[in-house]
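Structure at a glance
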Amino acid sequence: MRLRNITGSREMIAASRYVVHEEQNCRGKWQEVFGNGRPIHIEIGMGKGKFIHTMARQHPENNYIGIEKYSSVLLRAVQKMEEEELPNLRFIRMEAEEILHVFAPGEVERIYLNFSDPWPKDRHAHRRLPSRQFLEKYDRILSPRGQLEFKTDNRGLFDFAVEELAPAGWEIRSITYDLHGDAGLMEGNVMTEYEEKFSAMGNPIYKYIIYREK
């Protein structure tokens, strides 16, 4: 990803008021950060931020936090906020593995995973964001009525993600192997940059919505 090497991106992010820099101090206090009691929705691996920025604009009744580990990619999301500031959206530059240090049990209402890195080698399966290892982390930060939404164009990754659900104790609320042909799940669908690209090429988009009985 050539965007990782934008000169000065770390410094620009460090100076941005849209990026939360002491995120571990916010654990259990995210509603205080936003100054209201609205539900917290997070996107892990948000890329350039198109999806979460659109969601925050369309749903002012929720607070949104975008998580991205690459400074040069996060910078694009920050630039979107500079063009159109939204009071219910903030960003964190961090590794997904750190989420338990940043969010308290039950603090998050919804998690979005969009077009995550497939990590194709078997030895890297535990790094895949829909893996059972990550599902265990998500379970700990989601509220009792919380849910997780996952979209991808990678059939192998999607099959893997579905196979991980039973061992991890999660239930499927909705699933489709052709999102853009599913009228129900397409209602209110917000596309990411990757989704626009791959769907325009005729590639099917896979999606599930899952939850954990608590």
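Rules of the game
- Residues numbered from 1 in each chain as written.
- Predicted model: local features only at pLDDT ≥ 70, side-chain atom pairs only at ≥ 80, totals over all residues.
- Heavy atoms only, no water.
- Pairing = 2+ DSSP bridges.
- Helix = DSSP H or I, 4+ residues; strand = E, 2+ residues; numbered from the N terminus.
- Axes fitted to C-alpha atoms, helices over the stretch in contact; angles between N-to-C directions.
- Contact = heavy atoms within 4.5 Å.
- Buried < 20%, exposed > 50% of the residue type's maximum accessible area, 1.4 Å probe, protein only.
- Parallel < 35°, antiparallel > 145°, perpendicular 65-115°, else oblique.
- Left-handed = near helix turned anticlockwise from the far one by under 90°.
- Nonpolar A, V, L, I, M, F, W, Y, C, P; charged D, E, K, R; others polar.
- Phe/Tyr/Trp six-rings, centres within 6.5 Å; stacked < 30°, edge-to-face > 60°.
- Lys NZ or Arg CZ within 6 Å of the ring centre and 35° of its normal.
- Core = buried A, V, L, I, M, F, W, Y, C linked by side-chain atoms within 4.5 Å.

1. A word on the sheet that holds strand E6 (residues 171–176)
Taken together, 7 strands build an open sheet; the order of strands is E3-E2-E1-E4-E5-E7-E6 and the sheet is mixed. Only two strands of the sheet have a single neighbouring strand rather than two, namely strand E3 (89–93) and E6. Neighbouring strand axes in the sheet, compared pairwise and without regard to direction, differ in orientation by 15° on average. Of the strand pairs in this sheet, strand E1 (residues 40–44) and strand E4 (residues 108–114) are connected by 4 bridges, and their pairing is parallel. Paired with His41 across the two strands is Arg110, which belongs to E4. Against the sheet, helix H4 (residues 71–83) touches strand E2 (63–68) and E3, its axis set at about 165° to E3.

2. A word on the pairing of strand E7 (residues 206–211)
Most of E7 sits inside the fold, with 6 of its 6 residues counted as buried. On E7, burial covers both faces: Tyr206, Tyr208 and Ile210 on one face and Lys207, Ile209 and Tyr211 on the other are all buried. The pairing of strand E5 (residues 142–152) with E7 spans 5 bridges and is antiparallel. Paired with Thr152 across the strands is Tyr206, a residue of E7. With 5 bridges joining them, E6 and E7 adopt antiparallel strand pairing. Opposite Glu171, over in E7, you have Tyr211 as the bridge partner.

3. A word on the packing of helix H6 (residues 132–141) against helix H7 (residues 155–168)
Their axes nearest at 9 Å, the elements H6 and H7 cross at an angle of 55°. Between H6 and H7, the crossing angle belongs to the class labelled oblique. Where H6 crosses over H7, the two elements pack in a sense that is right-handed. Within the contact between the two elements, H6 uses Arg132, Gln133 and Leu135 and H7 uses Glu164, Leu165, Pro167 and Ala168. When the residues that make up the contact of H6 with H7 are grouped by side-chain class, the tally is 4 nonpolar, 1 polar and 2 charged.

4. Considerations on the packing of aromatic side chains
Each aromatic ring pair is described using two quantities: the centre-to-centre distance and the angle formed by the ring planes. Per the stated rule, a full pass over the model turns up 12 aromatic pairs. The interplanar angle of 65° and the centroid separation of 5.1 Å between the aromatic rings of Phe51 and Tyr112 together place this pair among those described as edge-to-face. Pair noted here: Phe51 is in helix H3 (residues 50–58) and Tyr112 is in strand E4, with a separation of 61 residues, a long-range link. On the basis of relative accessible area, Tyr112 is assigned to the buried category, the value being 2%. For the pair Phe150 and Phe158, a centre-to-centre distance of 6.1 Å together with 20° between the ring planes defines the contact as stacked. Neither Phe150 nor Phe158 differs from the other in exposure class; each is buried. Taken together, Phe150, Phe158, Tyr177, Tyr206 and Tyr208 form an aromatic cluster joined through their ring pairs. Positioned above the aromatic ring of Phe160, the side-chain terminus of Arg128 is 4.5 Å from the ring centre.

5. Topic: the nonpolar core
Trp30, Ile42, Ile44, Phe103, Ile111 and Tyr138 are the most contacted members of the largest nonpolar core, which totals 38 residues. Of all the elements, H7 adds the most residues to this core, at 6 residues. Residues contacting Phe103, with those up to four places away along its chain left out, are Arg27, Trp30, Ile42, Ile65, Ile67, Ile92, Val108 and Ile141.

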